[in-house]
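Take a look at the letters that make up each chain.
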Amino acid sequence: MLGKGVALTDKRLHSHEPAEHSRSLCIAVDDFGLHPGVCVAALLLSRLGRAQAIGCMVGAPAWPQWAQELQELDPHQTEMGLHLDLTQHPLHLQPQRLGSLILHSWLRTVERTGIRTEICVQLDAFEQRTGSPPAYVDGHQHVHQFPVVREELLTQLQLRYPNHLPWLRNTARYSSARAGQPASWRQTIKPRMIEALGAAALARQALARGFRQNNHLLGVHDFSGDEDSYLAWTRSWLQACVSGDLLMCHPGLGTYPQDALGSRIHEYRVLSGSAFGEVIEKNGIRLEPLGQTLACGVGW
């Protein structure tokens, strides 16, 4: 569980303001609501200026208790979004096994009405707890881009928010050539697989319906290694990023048996630390909510 030394106003942590603002980047924390450790980490990073988006799992165990904390954040500094979840803690459907969901969505044999209902009840739950529509929508395990799911999601978002569409996560991979050194096939296979599961189709359909998206998705890794290896990843990502890119992350504090990601504490320590601030400054990165970047005409 969380240590007693962790506070939401930890004065030991500090952020770095880039000396030159040549490129914009949004850092998005996924899985808010999964357990208190994820929630505390997300809130701390937001208050440090190291998280500009927080994706909410509205069916997860800690969501009812921790959702109210989001109202204390400045929406101009941190955007709140729906992290659509069909595989772990859905509200209407039974949890779907990821492999089965991929297969049946691509065969278009997934039950469309159930997907539609699940999307609607999760949007309802988000609005009830936050008092506002989501600034963006993405998917736990990237389910938002799967066939059938993406069509139903786009339709429901258009019906609900015709005058203020949320932005959507684009999973298109970044160019590893921009990172200064070629990546091995082991480093590129996971981003390629995620992108292949629906990035191009979602981008086409979203653009046709007036939705905006980030340019590329950074932050994909295999959740192995330690703080040093994750810091090395961040150096590559920030060197390769272009304005309008999105860096997803999965930080957390404490130990929770139900959470299989042992890398959460490594991500938190890196993202909240001074070394990462130096990487931001060295690369001339401006951290800002993606909605603000998109409003300036950057992105899809």
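Residues numbered from 1 in each chain as written. Predicted model: local features only at pLDDT ≥ 70, side-chain atom pairs only at ≥ 80, totals over all residues. Heavy atoms only, no water.

(A) Representation of the overall build of the protein in the model. Secondary structure summary: the protein contains 11 helices and 8 strands in total. A buried classification covers 52% of the 300 residues belonging to the protein. Sequence-distant contacts in the protein: of pairs separated by 6 or more residues, those separated by 24 or more amount to 83%. As displayed, the protein has an accessible area near 13300 Å², and 52% of this comes from carbon and sulfur atoms. (Helix = DSSP H or I, 4+ residues; strand = E, 2+ residues; numbered from the N terminus. Buried < 20%, exposed > 50% of the residue type's maximum accessible area, 1.4 Å probe, protein only. Contact = heavy atoms within 4.5 Å. Areas by Shrake-Rupley, 256 points an atom, 1.4 Å probe, with all protein chains shown as cover.)

(B) Structural context of the pattern of salt bridges. In this structure the tally under the stated criterion is 13 salt bridges. With a closest N to O distance of 2.8 Å, Arg 169 and Asp 138 form a salt bridge. Of this pair, Arg 169 sits in the loop between strand 5 (167-168) and helix 6 (185-196) while Asp 138 sits in strand 4 (residues 136-139); the two residues are 31 residues apart in sequence, bridging distant segments of the chain. Looking at Arg 169, the relative accessible area reads 0%, which means it is buried. A salt bridge links Asp 259 to Arg 264, with the shortest nitrogen-to-oxygen separation between them at 2.5 Å. The pair formed by Asp 259 and Arg 264 is uniform in burial state, with each residue classed as buried. Taken together, the salt bridges that share partners define one network made up of Asp 30, Asp 138 and Arg 169. (Salt bridge = Lys/Arg side-chain N within 4 Å of Asp/Glu carboxyl O.)

(C) Region of the structure containing the confidence of the model for the protein. Per-residue confidence for the protein gives a mean pLDDT of 91, with 88% of residues at or over 70. Confidence drops under a pLDDT of 50 for residues 3-7, and excluding neighbours within four residues, the segment shows 5 contacts in the predicted structure. Here residues 9-19 is a poorly scored stretch, pLDDT under 50, and it has 22 contacts once near neighbours within four places are set aside; other chains count. (pLDDT = per-residue confidence, 0-100.)

(D) Focus on the nonpolar core. One finds Phe 32, Leu 70 and Leu 238 to be the most contacted residues of the largest nonpolar core, which totals 66 residues. With 7 residues, the top contributor of residues to this core is helix 1 (residues 36-47). Excluding anything up to four places from it in sequence, Leu 70 contacts Phe 32, Leu 43, Ile 54, Cys 56, Trp 63 and Met 80. (Core = buried A, V, L, I, M, F, W, Y, C linked by side-chain atoms within 4.5 Å.)

(E) Quick look at unusual backbone geometry. Of note, the phi angle at His 142 is positive, near 65 degrees, even though the residue is not glycine. Its place among the elements puts His 142 in the loop between strand 4 and helix 5 (149-160). Given the relative accessible area of 10%, His 142 is considered buried. Backbone geometry at Val 148 places phi at a positive 70 degrees, although glycine is not the residue there.

(F) Quick look at the packing of helix 8 (residues 227-240) against helix 9 (residues 264-271). The geometry of helix 8 relative to helix 9 is characterised by a closest axis approach of 9 Å and an angle of 55 degrees between their N-to-C directions. By the angle class used here, helix 8 and helix 9 are oblique. For the element pair helix 8 and helix 9, the recorded crossing hand is right-handed. Residues Glu 227, Tyr 230, Leu 231 and Thr 234 of helix 8 form the contact with helix 9, whose own contacting residues are His 266, Glu 267, Arg 269, Val 270 and Leu 271. Looking at the contact of helix 8 with helix 9 residue by residue, the class counts come to 4 nonpolar, 2 polar and 3 charged. (Axes fitted to C-alpha atoms, helices over the stretch in contact; angles between N-to-C directions. Parallel < 35°, antiparallel > 145°, perpendicular 65-115°, else oblique. Left-handed = near helix turned anticlockwise from the far one by under 90°. Nonpolar A, V, L, I, M, F, W, Y, C, P; charged D, E, K, R; others polar.)

(G) Layout of the pairing of strand 7 (residues 245-249). Among the 5 residues in strand 7, 5 count as buried, and that is most of the element. A two-sided burial pattern is seen for strand 7, the buried positions comprising Asp 245, Leu 247 and Cys 249 on one face and Leu 246 and Met 248 on the other. Summarising the sheet, strand 1 (residues 23-32) and strand 7 pair through 5 bridges and their orientation is parallel. Opposite Val 29, over in strand 7, you have Cys 249 as the bridge partner. What joins strand 6 (residues 217-218) to strand 7 is helix 8, and the crossover it makes is right-handed. (Pairing = 2+ DSSP bridges. Right-handed = clockwise from strand over helix to strand, strands pointing away.)

(H) Up close: the environment of Arg 160. Among the secondary structure elements, Arg 160 is positioned in helix 5. Each C-alpha atom of the pair Arg 160 and Cys 120 lies 9.5 Å from the other, and the pair is 40 residues apart in sequence. Within the local environment of Arg 160, its side chain forms a polar contact with the side chain of Glu 127, the two groups lying 3.1 Å apart. (Polar contact = N/O pair within 3.5 Å; in protein donor to acceptor, adjacent residues only side chain to side chain.)

(I) Fine view of the packing of aromatic side chains. As enumerated under the stated definition, the model contains 5 aromatic pairs in all. Between Tyr 230 and Trp 237, the ring centres sit 5.7 Å apart and the planes meet at 75 degrees, which makes this aromatic pair edge-to-face. The pair formed by Tyr 230 and Trp 237 is uniform in burial state, with each residue classed as buried. When the centroid spacing of 5.5 Å and the interplanar angle of 25 degrees are considered together, the rings of Trp 233 and Trp 237 count as stacked. (Phe/Tyr/Trp six-rings, centres within 6.5 Å; stacked < 30°, edge-to-face > 60°.)

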